[in-house]
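Per-entry structural report
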Amino acid sequence: MTPQQTVTAIALAAMQNDATGLATLLEDLSDAEVRSAAGIALLNLCNGFRHILTDEAWAEAINGLRQLAAEHA
């Protein structure tokens, strides 16, 4: 995966609250401390956004990220 594909996949997994997918993608990062910090930061960020967006806006954000991932596949 390219760096852009990796970042997109990690963000999508975090937005979907996919802990297994997120853990799998973070394993590809080179440093354990970076993996841990990135995972926690992404989940916190996504959970924060999830609480302020409507269900429709959240679904639209996830669909937009899926489209971006498909474009770069």
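In case you missed it, the structure is sitting above this.
Calculation rules
- Note that residues are indexed from 1 along each chain, following the sequence as it is written.
- Where local features are concerned, this predicted model is filtered to residues with pLDDT of at least 70; where side-chain atom pairs are given and counted, the filter is 80 or more; whole-chain, interface and lining totals use all residues.
- In computing side-chain values, all of the structure's heavy atoms are included and hydrogens and water are not.
- Numbering of helices and strands starts at the N terminus; helices are DSSP runs of H or I of at least 4 residues and strands are runs of E of at least 2.
- Remark: exposure states derive from per-residue accessible area (1.4 Å probe, protein chains only) relative to the maximum for the residue type, with buried under 20%, exposed over 50%, and partly exposed in between.
- The contact definition used throughout considers only heavy atoms, calling two residues in contact when any of these lie within 4.5 Å.
- Each axis is a line fitted through C-alpha atoms, taken for helices only over the stretch in contact, and angles between the N-to-C directions span 0 to 180 degrees.
- Orientation categories follow fixed angle ranges, with anything under 35 degrees roughly parallel, anything over 145 roughly antiparallel, 65 to 115 roughly perpendicular, and all other angles oblique.
- Handedness of each helix crossing follows the sense of rotation of the near helix against the far helix: counterclockwise by less than a right angle gives left-handed, clockwise gives right-handed.
- Polarity classes work like this: nonpolar for Ala, Val, Leu, Ile, Met, Phe, Trp, Tyr, Cys and Pro, charged for Asp, Glu, Lys and Arg, and polar for all others, with Gly in that last group.
- When a carboxyl oxygen of Asp or Glu is within 4 Å of a side-chain nitrogen of Lys or Arg, the pair counts as a salt bridge.
- Patches here are clusters of residues that have more than 30% relative accessible area and form no salt bridge, with a 9 Å joining cutoff for like charges and a 5 Å cutoff for nonpolar side chains (Val, Leu, Ile, Met, Phe, Trp, Tyr).
- Where accessible areas are quoted, they stem from the Shrake-Rupley method and a 1.4 Å probe; at the residue level, only the protein chains shown are allowed to cover.
- Each helix should span, by expectation, one fewer than its residue count multiplied by 1.5 Å.

Some thoughts on the environment of Met-15
When you line up the elements, Met-15 lands in helix H1 (residues 3-15). Here Met-15 falls in the buried class, since its relative accessible area comes to 16%. Separated by 34 residues in the primary sequence, Met-15 and Phe-49 have C-alpha atoms spaced 9.0 Å apart. If we ignore the near neighbours within four places in the chain, the residues touching Met-15 are Cys-46, Trp-58, Ala-61, Ile-62 and Leu-65.

Here we look at the packing of H1 against helix H3 (residues 32-52)
Running from amino to carboxyl end, H1 crosses H3 at an angle of 55°, the nearest separation of the two axes being 9 Å. With respect to their mutual orientation, H1 and H3 come out oblique. Judged by the twist between their axes, the crossing of H1 over H3 is right-handed. Of the residues in H3, those touching H1 at Ile-10, Ala-11, Ala-14 and Met-15 are Leu-42, Leu-43 and Cys-46. Class assignment for the residues of the contact of H1 with H3 results in seven nonpolar, no polar and no charged.

Section: the pattern of salt bridges
Applying the stated criterion across every chain yields a total of one salt bridge. For Asp-55, the salt bridge goes to Arg-50, with nearest N and O atoms at 2.6 Å.

Here we look at a nonpolar patch on the surface
On the surface, Leu-45, Phe-49, Ile-52 and Leu-53 cluster together to form a nonpolar patch covering roughly 380 Å² of accessible area. Tracing the chain through its elements places Leu-45 in helix H3.

Remarks on H1
Along an α-helix, residues three or four apart share an orientation, since each turn contains 3.6 residues. Taking 1.5 Å as the rise per residue, H1 with 13 residues should run 18 Å; its terminal C-alpha atoms sit 18 Å apart, in good agreement. Count one or two residues on from H1 and you reach Asn-17, which has phi positive near 55°.

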